[in-house]
Amino acid sequence: MKISLQDLLTCKLFKEFKICAGEKGLTNIVDSVTIWESPIASKYIKGNELVITSGYCLLDDKDMQKRIVEDLVQSGAGGLAITLMFY
């Protein structure tokens with residue numbers, strides 16, 4: 001099933017999610033969810049995934065944070081969700 005990121009965020013399951021950046025990407029299409037905790041995982045993105053992570057592997061490395069976001073954009077990820085509990 002394909003759904004826009006904006007419509008997905010209106011679902012009850014995502015009611016606690018907050019948009020911190022990338023409002024222009026709310027029209028992105030999501031057709032699957034991927035959970036990852038490895039800094040190389042962005043290499044395996046097919047496209048249109050909502051990527052969910054704790055962000056722990058990115059915690060103190062601003063260069064890696066930037067690179068991961070750029071890699072996800074290049075891969076066509078539908079969105080990135082990072083838990084605020086650890087990050």
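Residues numbered from 1 in each chain as written. Predicted model: local features only at pLDDT ≥ 70, side-chain atom pairs only at ≥ 80, totals over all residues. Heavy atoms only, no water.

Draft legend 1. Fine view of a nonpolar patch on the surface. A cluster of nonpolar side chains, namely V69, V73 and L80, defines an oily patch on the protein surface of about 240 Å² accessible area. Take V69: it is sitting in helix 2 (residues 62-75). (Patch = residues over 30% accessible without salt bridge, like charges linked within 9 Å, V, L, I, M, F, W, Y side chains within 5 Å. Areas by Shrake-Rupley, 256 points an atom, 1.4 Å probe, with all protein chains shown as cover. Salt bridge = Lys/Arg side-chain N within 4 Å of Asp/Glu carboxyl O. Helix = DSSP H or I, 4+ residues; strand = E, 2+ residues; numbered from the N terminus.)

Draft legend 2. Representation of helix 2 within the structure. Here helix 2 contains 14 residues, and its C-alpha end-to-end distance of 20 Å stays within 8% of the 20 Å for a straight helix at 1.5 Å per residue. Residues of helix 2 that are buried: M64, Q65, I68 and L72. Seen along its axis, helix 2 keeps its buried residues to an arc of 105°; they face one direction. What points out from helix 2, more than 90 degrees from its buried face, is the exposed set K62, D63, K66, V73 and Q74. (Expected span 1.5 Å × (residues − 1). Buried < 20%, exposed > 50% of the residue type's maximum accessible area, 1.4 Å probe, protein only. Arc of directions from axis to C-beta.)

Draft legend 3. Region of the structure containing the environment of A81. Its location among the elements puts A81 in strand 5 (residues 79-82). On the accessibility criterion, A81 (10% relative accessible area) is buried. Look past the residues within four positions of A81 in its chain and what remains in contact with it is F17, L50, V51, I52 and T53. (Contact = heavy atoms within 4.5 Å.)

Draft legend 4. Region of interest: the sheet that holds strand 4 (residues 49-53). Read from one edge to the other, the open sheet built from three strands follows the order 3-4-5, with strand pairing classed as parallel. In this open sheet, the two edge strands, each paired with only one partner strand, are strand 3 (32-35) and strand 5. Averaged over all pairs of adjacent strands, the angle between their axes in this sheet comes to 20°, without regard to strand direction. When strand 3 meets strand 4, the two strands line up parallel, connected through four bridges. (Pairing = 2+ DSSP bridges. Axes fitted to C-alpha atoms, helices over the stretch in contact; angles between N-to-C directions.)

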